[in-house]
Amino acid sequence: MKTPLPLNAIHIDDLYWNRYTRLIPEKVIPYQWEVLNDRVPGVPPSNCLRNFRIAAGEEKGERGGMVFQDSDAAKWLEAVAYSLACSPDPVLEKNADGLIALIGRAQEKDGYLNTYFSLKCPEGKWKNLTEGHELYCAGHFIEAAAAYFETTGKTRLLEIMCRFADLICATFGTEPNKLHGYPGHPEIELALVRLYRVTGVRRYLDLAKYFIDTRGSSPNYFIEEMKRPDFKRIFAELSRYDPAYSQSHVPVREQDTAEGHAVRAMYLFCAMADLAQEYNDGELLERCRILWDNVVQKRMYITGSIGSSGILERFTVDYDLPNDSNYSETCASIGLAMFGLRMNMLTADASYFDTVERVLYNTVRSGISLEGDRYFYVNPLEVWPQTCIENSSRAHIKPVRQKWFDCACCPTNLARTLTGLGKYIYLIEDNELYINLFIRNNAEFKINGETVNISIDTDYPKTGHAKIKIKSGALPLTLNIRIPGFIGSGNNFIVCVNGKPAAGERINNYLKITGTWNNDEVTLNFPVEPRLVYSNPKVHLNCGKAAIARGPEIYCLEEIDNGKNLAALSLDTNSPLQEFYSDKIPGGIMVIKACGKRLIAPEQPDSFGENFIPHTENFTLTAVPYGVWGNRNNESEPGEMLVWIRI
């Protein structure tokens, strides 16, 4: 089974990613700790850690926050675990240990752990799986427990969550005396697989399989649950419940399209992929392929974001991809990257990493400011700030990043993703090493007792040049180097070993090279040049439009470079794209210039008219990477942004 290298085996030192990998432990995790403790001025109280103190009997008061507020602490702990794996920090570890101890004190005697139901609705435990998020929160804590154990070797959080997992195993299942339901928000399924892999306890894996196999069976569990007299609704907007919202409209093995809430779908699909691997389930793997293709080919934005509807944060239909009203939640893109990693592990097909890379370099980077203390929950592809009005169809669109959110799943999810970036670089199986991302790093690990050293030196995506140095002693080792999909199908992926053309075989978008490596050097050269990407006319709102791309990055126009009314600009597709390096944004970016035109309309107040004949003037468009948009504007004066441009 292919697995990522341990995070403590990898040291990332990358000109492009250092800002994030170093920013997270230095600023982001401490900032989020202060937010979770309600100590940041100007940020509404999170109540997250206060809820645990109340549940532990150490503070009085009423529980606050969302029904799933506990999960913010779980994702913060997971981020801490990954951070400690890369950069030991006694103060940070002490804070984490203190929080874990508090969580243990808040846990009920039977193992139950959820501050909402313990404090606010004790009679409602397991009676609102539709909306209650009990299993969702449990899943995130299980993931945190596994990560913290793997990094520190400390077992306290793992013991807490095994007690809770044992209670869940005793509560749910096929037996007559158990509940025959499953979570409204998938997450615990993939977490239970992870818990099984850490502990070897089979019942955790079997329960994950039960949750997946039962989902969507008839009669629908959620519809029947809502009919019960003791059901207490939490979310008024779910009163007209559509089972497709929670991917429970049909059994998962019959689903052909990605439906419903985008984050729920991704976590569900991740669990399906995990179970396909653990049970060698070819049918489930094929279903994962079908769902992946539907998402990536017909329901994904060019930036790697998903979830086109601001209502219920959901998928709609194929090719419905509005730019200025989409939801594109940061968490959904992170879930897509998680799904892509799993599909690559299952199939050894590097093309899945084209999407993973797209997500990481665009939506994930867009989701956090360059200073690490502001966040996007929603990631539109077009912003006209004046229209982002409360109580309107664009109320969910924020033209500037926010300090925090009432529903704060995205900031902590970003923290755990960026601290865990290393697990996306390498995968290993037996004597085969897969190189999936071109990020400057060095790593040391063992295979069959032999130490292997590998380093990647690159300034990607500024250029497509990379040097891989590797030493494996007498151990034969196969390198599988990903061939990026954006370079096309020609012979422009040039690989040399010690200066001579590599004798390798291309399989599943990898170049496979086998050797016994002793301080050998593999060099890569491939084009990273500006290019135009054209919209499929089936995407109604992008007909006759193109986007600018370079390597894995998608580019956008910003008002600060191009003036107001970006929609009036058009692109000359016959003129070459010009690029130059700029250090105006910390870390540096490649800026792209393009020839185009601007529509100049006559000065008149009417929105339309028979004599309303605009003329055009030549204009040079300036594009910057989407991942860094919105970092140069004053918060009080946000600017427009546009990805798809008329041609």
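It should be emphasised that the depicted structure is a prediction, and the values quoted were computed from it without experimental measurement.

A. Representation of the overall build of the chain in the model. Regarding its fold elements, the chain presents 16 helices and 23 strands. Out of the 647 residues in the chain, the part that is buried amounts to 59%. The contacts of the chain with a sequence gap of at least 6 include a subset with a gap of at least 24, amounting to 70%. About 25200 Å² of surface is accessible on the chain, with carbon and sulfur atoms providing 50% of the total. Computing the positive centroid from 69 side-chain charges and the negative centroid from 80, the chain places the two 2 Å apart.

B. Up close: unusual backbone geometry. Each neighbour pair has its own omega, and for S218 with P219 the value is 0 degrees, a cis peptide bond. Relative to the helices and strands, P219 is located in the loop between α9 (202-214) and α10 (221-226). Residue P461 follows Y460 across a cis peptide bond; omega there is 10 degrees. Although it is not a glycine, N448 sits at a positive phi angle of roughly 50 degrees. Inspection of the secondary structure puts N448 in the loop between β6 (441-447) and β7 (450-458). A relative accessible area of 67% places N448 in the exposed class. In the Ramachandran plot, N519 falls in the positive-phi region, its phi being about 55 degrees despite a non-glycine side chain. Here N519 is to be found in the loop between β13 (510-516) and β14 (520-525).

C. Expanded view of helix α4 (residues 90-106). Relative to the 24 Å expected for 17 residues at 1.5 Å per residue, α4 spans 24 Å between its end C-alpha atoms, a close match to the ideal helical length. For α4, the set of buried residues is L92, A96, L99, I100, L102, I103, G104 and A106.

D. Structural view of α9. Spanning 13 residues, α9 covers 18 Å between terminal C-alpha atoms, matching the ideal 18 Å at 1.5 Å per step. Of the residues making up α9, those classed as buried are Y204, L205, L207, A208, Y210, F211, I212 and T214.

E. Just the side chain of E189, in detail. Tracing the backbone through its elements, the reader meets E189 in helix α8 (residues 188-199). Note on E189: relative accessible area 1%, which makes it buried. Here E189 is in contact with P183, A208, F211, I212, R215 and A271, once residues within four sequence places are set aside.

F. Focus on empty space enclosed by the protein. Counted according to the given criterion, the structure contains three cavities of 30 Å³ or more. Approximately 70 Å³ is the volume attributed to the largest cavity. Taken together, L15, Y16, R19, Y20, R365, L370, I585, P586, G587, G588, I589 and V628 make up the lining of the largest cavity. Residues belonging to the lining of the largest cavity are distributed by class as follows: eight nonpolar, two polar and two charged.

G. How the structure looks around the packing of helix α11 (residues 262-278) against helix α13 (residues 330-347). Contact geometry of α11 with α13 gives a least axis separation of 8 Å together with a crossing angle of 15 degrees. Relative to α13, the element α11 is oriented roughly parallel. As for how α11 packs across α13, the hand of that crossing is left-handed. Contacts between α11 and α13 pair A262, V263, M266, Y267, F269, C270, A273, D274, A276 and Q277 from the former with C331, A332, G335, L336, M338, F339, R342, M343, M345 and L346 from the latter. Considering only residue class, the contact of α11 with α13 consists of 16 nonpolar, two polar and two charged.

H. Layout of the pattern of salt bridges. What the rule picks out here adds up to 50 salt bridges. The partner of D230 in a salt bridge is K127, and the shortest N-O contact between them spans 3.6 Å. Of this pair, D230 sits in the loop between α10 and α11 while K127 sits in the loop between α5 (115-120) and α6 (134-152), and the two are 103 residues apart along the sequence. Of the residues examined, D230 reaches a relative accessible area of 35% and is grouped as partly exposed. Assessed through its relative accessible area of 33%, K127 is described here as partly exposed.

I. Local environment of the packing of helix α2 (residues 48-55) against α4. Packing of α2 against α4 brings their axes to within 8 Å, and their N-to-C directions diverge by 45 degrees. Between α2 and α4, the interaxial angle falls into the category oblique. Considering the relative orientation of α2 and α4, their crossing is left-handed. Facing α2, whose interface residues are L49, F52, R53 and A55, α4 presents L99, L102, I103 and A106. For the contact of α2 with α4, a count of residues per class yields seven nonpolar, no polar and one charged.

J. Structural context of the sheet that holds strand β5 (residues 432-435). Sheet architecture is open: six strands sit in the order β1-β4-β5-β9-β13-β12, paired in mixed fashion. Looking at which strands have only one partner, the edges of the open sheet turn out to be β1 (3-4) and β12 (505-507). Pairing of strand β9 (residues 476-482) with β13 involves seven bridges; the strand directions are antiparallel. From the neighbouring strand, R482 faces β13, where its bridge partner is Y510.

K. Local environment of the packing of aromatic side chains. If you walk through the whole model with that rule in mind, you get 33 aromatic pairs. With centroids separated by 5.2 Å and ring planes inclined at 70 degrees, the aromatic side chains of Y434 and Y510 adopt a geometry described as edge-to-face. Highlighted residues: Y434 in strand β5 and Y510 in strand β13, separated in sequence by 76 residues. In this structure, Y434 and Y510 share a single accessibility class: buried. A connected cluster of aromatic rings, assembled from ring pairs, spans Y16, W17, Y20, Y361, F438, Y460, F486, F493 and F526. One Lys or Arg, K125, reaches over the ring of Y112 and ends 4.6 Å from the middle of that ring. Just above the ring of Y279 sits the side chain of K209; from NZ or CZ to the centre is 5.5 Å.

L. Region of the structure containing the pairing of strand β17 (residues 553-558). A large share of β17 lies buried, amounting to six of its six residues. Burial along β17 is two-sided: E553, Y555 and L557 and I554, C556 and E558, pointing in opposite directions, are all buried. Looking at chain direction, strand β16 (residues 545-550) and β17 are connected through two bridges and run antiparallel. Within β17, the residue paired with R550 across the bridge is E553. Here β16 hands over to β17 after two residues, with G551 in that stretch at a positive phi of 55 degrees. Strand direction decides the pairing type here: β17 and strand β21 (residues 615-625), joined by three bridges, are antiparallel. Counted as the bridge partner of Y555 is P625 from β21. In this structure, β17 lies alongside strand β22 (residues 641-642), joined through two bridges in antiparallel fashion. If you follow E558 over to β22, its bridge partner there is M641.

Conventions and cut-offs
- Residues numbered from 1 in each chain as written.
- Predicted model: local features only at pLDDT ≥ 70, side-chain atom pairs only at ≥ 80, totals over all residues.
- Heavy atoms only, no water.
- Helix = DSSP H or I, 4+ residues; strand = E, 2+ residues; numbered from the N terminus.
- Buried < 20%, exposed > 50% of the residue type's maximum accessible area, 1.4 Å probe, protein only.
- Contact = heavy atoms within 4.5 Å.
- Areas by Shrake-Rupley, 256 points an atom, 1.4 Å probe, with all protein chains shown as cover.
- Lys, Arg positive; Asp, Glu negative; His and termini not counted.
- Charge placed at Lys NZ, Arg CZ, Asp CG, Glu CD.
- Expected span 1.5 Å × (residues − 1).
- 1 Å grid on protein atoms, 1.4 Å probe; cavity = no way out; pocket = protein on both sides within 12 Å on 5 of 7 lines; lining within 4 Å.
- Points joined across faces, edges and corners; volume = space filled by probe spheres on them.
- Nonpolar A, V, L, I, M, F, W, Y, C, P; charged D, E, K, R; others polar.
- Axes fitted to C-alpha atoms, helices over the stretch in contact; angles between N-to-C directions.
- Parallel < 35°, antiparallel > 145°, perpendicular 65-115°, else oblique.
- Left-handed = near helix turned anticlockwise from the far one by under 90°.
- Salt bridge = Lys/Arg side-chain N within 4 Å of Asp/Glu carboxyl O.
- Pairing = 2+ DSSP bridges.
- Phe/Tyr/Trp six-rings, centres within 6.5 Å; stacked < 30°, edge-to-face > 60°.
- Lys NZ or Arg CZ within 6 Å of the ring centre and 35° of its normal.

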